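For reference, the chains in residue letters:
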Amino acid sequence: MKLTFLGTGGVTAAPLFGCDCQACHRARRDEKRKRAPCSALIEAGSERILLDGGLPLLHERFQPGELTRILLTHYHMDHVQGLFALRWGVGTPIPVWGPPDEKGSDDLFKHPGLLDFRPSLTPFVPHQFGNLFVTPLPLQHSRLTHGYLFDWHGMRLAWLCDTCGLPPETRDYLIGQPLDQLVLDCNDPPRSDARNHNDVQLALAIIDDLQPRQAWLTHLSHEMDNWLANHSLPEHVQPARDGLTLFLGADQPVTV
């Protein structure tokens, strides 16, 4: 299985409009420092799954038939905005799964176009796509949100974004699922009032609790990038970057 980070930023990622902090200044000078909306592409066997649809130009990034399906964590605009143009395309419908949020986002449900919205997957129940098993995991956010556990021939990767802490049932479920890779929301530097998203203290506490072999921080703000420039993380924890690819196979995961 291969996971490619298409975007690793939150809504206040670098460069932020009008901001001249160090992180935003670096991102304007260096394309590699920019962070697109948080999303990923998962490739496993014949499956090519888009995880969240927040990239604005999805209809230009992917060719017709290239995506086998789309998984959504939730319906905030920064995670679905690319679907609004993609839906008016022509060709085979693209199956879409997300949490059972009846409000969705604007008129996506009313005018889905090319998007084939399917009934929500049941939390904590593995669903099989080819040889890939996908298990939805409830998260704690301002809208109904699901993370996902991906199991590829016994190699496990958990995607937990957007969230502030973990619901007890999700934490308990993951404790029983040894993780090779964990991708975790870490929007903010240390805060006394973390809400809606993890700050780095809460993210590191979750990582210490779940004990993955390797953890990646995503949904990073420009404030978090400034914090990272002056602080170190545990050896097995790293900030993700746009374009980073994780490989999970029979041997220990490697990255490029």
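Right above here is the structure, for reference.
*Asks:* What's the story with the environment of Leu 202 in this structure? I'm lost.
*Replies:* Summarising the element assignment, Leu 202 is placed in helix H5 (residues 200-210). Put simply, Leu 202 and Leu 179 are 23 residues apart on the chain and 18 Å apart in space, counted from C-alpha to C-alpha. Residues in contact with Leu 202, not counting those within four places in the same chain, are Cys 164 and Gly 165.

*Asks:* Just checking my understanding: could you explain the pairing of strand E5 (residues 94-97) for this structure?
*Replies:* Residues in a regular strand point their side chains to alternate faces of the sheet. A two-sided burial pattern is seen for E5, the buried positions comprising Ile 94 and Val 96 on one face and Pro 95 and Trp 97 on the other. Note that strand E4 (residues 69-71) and E5 share two bridges and pair parallel. Within the sheet, the bridge partner assigned to Leu 71 lies in E5 and is Trp 97. In terms of strand pairing, E5 meets strand E6 (residues 115-117) through three bridges, oriented parallel. The residue bridging Val 96 from the neighbouring strand is Phe 117, located in E6.

*Asks:* What am I meant to see in helix H4 (residues 168-175) here?
*Replies:* Helical geometry note: an α-helix holds 3.6 residues per turn, so side chains three or four residues apart project in the same direction. Along H4, the residues classified as buried are Thr 170, Tyr 173 and Leu 174. Viewed end-on, H4 has its buried residues packed into an arc of 95°, placing them on one side of the element. The inward-facing, buried residues of H4 abut strand E8 (132-138), strand E9 (146-152), strand E10 (155-160) and H5.

*Asks:* Mind showing me how you'd approach the sheet that holds strand E11 (residues 181-185) here?
*Replies:* In a beta sheet, neighbouring strands are held together by backbone hydrogen bonds and run either parallel or antiparallel to one another. Spatially, the seven strands line up as an open sheet ordered E7-E8-E9-E10-E11-E12-E13, and their pairing is mixed. At either margin of the open sheet sits one strand with a lone partner, and together these are strand E7 (127-129) and strand E13 (237-239). When the angles between neighbouring strand axes are averaged without regard to direction, this sheet yields 20°. Inspection of the sheet shows E10 paired to E11 by four bridges, in the parallel sense. Along E11, the bridge assignment pairs Leu 160 with Leu 184. Seen against the sheet, H4 touches E8, E9 and E10 and runs at an angle of roughly 145° to E8. Taken strand by strand, H5 contacts E10, E11, strand E12 (214-218) and E13, and its axis lies near 155° from that of E11.

*Asks:* For this particular structure, what's the right way to read the packing of aromatic side chains?
*Replies:* Scanning the model with the defined rule gives six aromatic pairs in all. Seen in terms of ring centroids, Tyr 148 and Phe 150 are 6.2 Å apart; in terms of plane orientation they differ by 40°. Their pairing is tilted. Across this residue pair, the class does not change: Tyr 148 and Phe 150 are buried. Taken together, Tyr 75, Phe 109 and Phe 117 form an aromatic cluster joined through their ring pairs.

*Asks:* Whenever I open this one, the environment of Pro 56 confuses me. Can you help?
*Replies:* Inspection of the secondary structure assignment puts Pro 56 in the loop between strand E3 (47-51) and helix H2 (58-61). If sequence neighbours within four positions are ignored, Pro 56 has contacts with Gln 81 and Gly 82.

*Asks:* What should I look at first to understand unusual backbone geometry in this one?
*Replies:* With the exception of glycine, most residues fall at negative phi, and the peptide bonds are largely trans. A cis amide bond, omega -5°, links Ala 14 with the succeeding residue Pro 15. Relative to the helices and strands, Pro 15 resides in the loop between strand E1 (2-7) and helix H1 (22-29). Phi is positive for His 153, close to 55°, though the residue is something other than glycine. In this structure, His 153 sits in the loop between E9 and E10. You will see that Gln 211, though not glycine, has its phi angle at about 55°, which is positive. Its place among the elements puts Gln 211 in the loop between H5 and E12. Take Gln 211: its relative accessible area is 54%, and that puts it in the exposed class.

*Asks:* Just to check I follow, could you spell out the nonpolar core for this structure?
*Replies:* Soluble globular proteins tend to bury their nonpolar side chains together. Core analysis: the largest hydrophobic core is formed by 28 residues, its most contacted members being Met 1, Phe 5, Leu 132, Phe 150 and Trp 159. Mapped onto this core, the elements with two or more residues apiece are E1, strand E2 (39-44), E3, E8, E9 and E10. In contact with Trp 159, other than residues within four places in its own chain, are Leu 3, Phe 5, Cys 38, Ser 39, Ala 40, Leu 51, Thr 73, Gly 147, Tyr 148, Phe 150 and Val 183. Counting 25 residues, the second largest nonpolar core, distinct from the first, contains Leu 139, Leu 179, Leu 217 and Leu 220.

*Asks:* I would appreciate a short explanation of the pattern of salt bridges in the present structure.
*Replies:* Between side chains of opposite charge, a pair can form when the charged atoms approach closely. Summed over the entire model, instances satisfying the criterion amount to 15 salt bridges. The closest approach of N and O atoms between Asp 116 and Arg 118, which form a salt bridge, is 2.8 Å. Here Arg 118 falls in the partly exposed class, since its relative accessible area comes to 35%. Among the charged side chains, a salt-bridge network with shared partners connects Lys 2, Glu 43, Arg 48 and Glu 66.

About the thresholds
- Each chain carries its own residue numbering, running from 1 in the direction its sequence is written.
- Thresholds applied to this predicted model are a pLDDT of at least 70 for local features of residues and 80 or more for the giving and counting of side-chain atom pairs; totals over whole chains, interfaces and linings are not thresholded and use all residues.
- To get the side-chain values, all heavy atoms of the structure are used, and hydrogens and water are removed first.
- Helix numbers and strand numbers start at the N terminus; a helix is a DSSP run of H or I with at least 4 residues, a strand a run of E with at least 2.
- Residue contacts are defined here by distance: any two heavy atoms, one from each residue, within 4.5 Å place the two residues in contact.
- The classification of residues rests on relative accessible area computed with a 1.4 Å probe and restricted to protein chains. Under 20% of the type maximum is buried, over 50% is exposed, and intermediate values are partly exposed.
- One bridge is not enough; two strands pair if DSSP finds at least two bridges between them.
- In this context, the arc is that of the directions from the helix axis out to the C-beta atoms.
- Axis definition: a line fitted to C-alpha atoms, over the contacting stretch in the case of helices. Angles run 0 to 180 degrees between N-to-C directions.
- Note on aromatic pairs: the rings of Phe, Tyr and Trp (six-membered ring only in Trp) are paired at centre separations within 6.5 Å, and the planes decide the class, stacked below 30 degrees, edge-to-face beyond 60, tilted for the rest.
- Among buried residues, those of type Ala, Val, Leu, Ile, Met, Phe, Trp, Tyr and Cys that are joined through side-chain atoms within 4.5 Å constitute a nonpolar core.
- A pair is scored as a salt bridge if a Lys or Arg side-chain nitrogen falls within 4 Å of a carboxyl oxygen belonging to Asp or Glu.

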